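Single-letter residue listing:
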Amino acid sequence: MTFATLGLIEPLLRALETLGYQTPTPVQAQAIPAVLAGRDLMAAAQTGTGKTAGFALPLLQLLAMEGPKVTANSVRALILVPTRELAEQVHEAVRQYAENLPLRTYAVYGGVSINPQMMKLRSGVDLLVATPGRLLDLFRQNALKFNQLQTLVLDEADRMLDLGFSEELANIYRALPKKRQTLLFSATFSDDIRLLAGQMLNDPLSIEVSPRNVAANTVKQWIVTVDKKRKPELFVHLMRKGKWKQVLVFAKTRNGVDALVEKLQGLGINADGIHGDKPQATRQRALDRFKLSEVQILVATDVAARGLDIEDLPLVVNFDLPIVAEDYIHRIGRTGRAGSTGEAISLVCADEVNLLSAIEMLTRQTLKRQNEPDFEPEHRVPDTDASGQVIKKPKKPKKPKTSGGGGKRNLGKWVDSGEAAPPEPSIKPVRKVPVFNTGPRKRKP
Ligand code: AMP
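Counting starts from 1 at the beginning of each chain's written sequence and moves along it residue by residue. Residue-level local features of this predicted model are given only where pLDDT is at least 70; pairs of side-chain atoms are given and counted only at 80 or more, and the full residue set underlies all totals for whole chains, interfaces and linings. To get the side-chain values, all heavy atoms of the structure are used, and hydrogens and water are removed first.

Enquirer: Help me out: how do you make sense of the site of the ligand in this one?
Expert: The rule for a residue being near a molecule or strand is that one of its heavy atoms must lie within 4 Å of it. Lining the immediate environment of the ligand, one finds 13 residues, of which Tyr-21, Gln-28, Gly-48, Gly-50 and Thr-52 sit closest. The definition of a polar contact used here is a pair of N or O atoms within 3.5 Å, where within protein one atom must be able to donate a hydrogen and the other to accept one, and adjacent residues in sequence count solely through side-chain atom pairs. With respect to the ligand, the backbone of Thr-23 contributes an N or O atom lying 2.9 Å from a nitrogen atom. Relative to its unbound accessible surface of 500 Å², the ligand loses 76% to contact with the protein. Only the protein chains shown count as cover for residues, with accessible areas throughout obtained via the Shrake-Rupley method and a probe of 1.4 Å.

Structure representation (structure tokens):
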């Protein structure tokens, strides 16, 4: 199969030739003809599957072949994405694909001045990539009109819901023309996504290119159990032992990112961090330097790392496990792309046991444990398996007291007798159920 047999026009084929794309990926093979035929789409596809070209190529073709010329402040196709990084990345891909077409494309996102964006929109754009919050700001300030909108794409829809964009999406949805084509792309096909799809899509074609929620099997995954306070020390130990060269590290919070970067820099290790509090330019610079191998260790939160296009990353380290199990799949999707093998190591402490269990259940595999001598945790991480069970070890029965007192028996505890009781898991791996209209706003990690 070739891109030509999928029905793409010559200017797009030429652009693909320049980029060196020879064969359509499975998601492209399915999505391109369907979008060209005007169908709505609901596609479960992870980053790395070629999904961006899957929607962007036919979309650009429709814009070039059909519809009126764009008028002032109007937009004909809208791609909504969860983060600025993804907005830039998707727009960059679109720009390359549209190189030989007379179309205007642009990307808008928050965290930068709105005025240049308003100026740019004055003459109208054919295709706009946007994060939901900034798009609404522009709409409310009359910098944008949707009367010419013919296609809406929701990219990484699950992530938009996780980040609390459900209210913005509902507001945007209300402002759009009812008659339009809608394409929904999501790494995971959760029930929340199906609910969203039910509201936004019209008789969609469902595409699923990788097994649902199954982590890339080209990635060697394992965990090391450790006490929470010793994670930084263990990280440095593993780094030196494994002679790690380029590592993307995920931490749960912005403070966690800063603390680890500070610790590593203090040891003379070339590390940098990216998170939502850092200005866009700073994040981009850190990322560019990481790609050029000028930075060895890049520590990121899930949101900041979203949409980072780093190819052939050999190793991803989860310094903390993600709160939302699906993020584990996104994280390890950064390595082992396109058939190359990668490695994903997670440092797991006792109060992350429920998170671990949720990940194993989602990926339907028990993650291999590898103990690191001298780092065995005082607070044991209970055994888990892909059934979602935390396997509790009963306490050894106490010898009956000679006094015959009726003390409570505690057979349900999962610590060995004599072992200090670990802290109770503080975070439950509950996936936030988005209420499409009223969900709480939680945009930054
Ligand atoms: P995506 O899943 O859209 O983030 O794409 C992942 C990477 O694959 C990007 O770097 C694309 O440029 C690249 N890519 C997408 N489609 C193809 C293709 N058909 N052939 C070669 N590379 C591709």
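That was the structure; now back to the text.
Enquirer: Would you mind going over the packing of aromatic side chains with me for this structure?
Expert: Two descriptors summarise a pair of aromatic rings, namely the distance from one centre to the other and the angle between the planes of the rings. Two rings from Phe, Tyr or Trp (for Trp, the six-membered ring) form a pair when their centres are within 6.5 Å of each other. A pair whose planes differ by under 30 degrees is stacked, one over 60 is edge-to-face, and the rest are tilted. The full count for this structure, using the stated rule, is five aromatic pairs. Taking the centre distance of 6.3 Å and the plane angle of 70° together, the rings of Phe-235 and Phe-319 count as edge-to-face. Taken as a pair, Phe-235 in helix α10 (residues 231-242) and Phe-319 in the loop between β12 (315-318) and α14 (325-332) lie far apart in primary sequence, 84 residues in all. A simple rule labels every residue: compare its accessible area, found with a 1.4 Å probe on the protein chains alone, to the largest value its type can have, and call it buried under 20%, exposed over 50%, or partly exposed in between. Classification of Phe-235 by relative accessible area gives buried; the value is 0%. Chaining the aromatic ring pairs together yields one cluster made of Phe-235, Trp-244 and Phe-319. Secondary structure follows DSSP: runs of H or I at least 4 residues long count as helices, runs of E at least 2 residues long count as strands, and numbering of each begins at the N terminus.

Enquirer: I'm lost on the sheet that holds strand β11 (residues 297-300) in this one. Help?
Expert: Within a sheet, neighbouring strands are paired by backbone hydrogen bonds and run either parallel or antiparallel to one another. Spatially, seven strands are ordered β10-β11-β9-β12-β13-β8-β14 in an open sheet, and the strand pairing comes out parallel. Strands with a single pairing partner mark the edges of an open sheet, and in this sheet they are β10 (271-274) and β14 (368-369). Alignment of β12 against strand β13 (residues 342-348), held across four bridges, turns out to be parallel. Bridged to Leu-315 within β13 is Glu-343. Seen against the sheet, helix α12 (residues 280-291) touches β9 (247-250), β10 and β11 and runs at an angle of roughly 140° to β10. Lying on the sheet, α14 is in contact with β8 (219-225), β9, β12 and β13; it crosses β12 at an angle near 155°. If DSSP finds at least two bridges between two strands, the strands pair. Contacts are residue-level and defined by heavy atoms, with any inter-residue pair within 4.5 Å sufficient. The axes are straight lines fitted to the C-alpha atoms, using for helices just the contacting stretch, and the angles between their N-to-C directions are given from 0 to 180°.

Enquirer: Please explain the environment of Arg-134 as it appears in this structure.
Expert: Within the secondary structure layout, Arg-134 lies in helix α6 (residues 132-140). Along the backbone, Arg-134 and Ile-114 are 20 residues apart, and their C-alpha atoms lie at a distance of 8.2 Å. When residues no more than four places from it in sequence are discounted, the contact partners of Arg-134 are Val-108, Tyr-109, Gly-110, Gly-111, Val-112, Ser-113, Ile-114 and Gln-117. Among the polar contacts listed, one links the side chain of Arg-134 to the backbone oxygen of Tyr-109, at a separation of 3.5 Å. For Arg-134, the side chain forms a polar contact with the side chain of Gln-117, separated by 2.9 Å.

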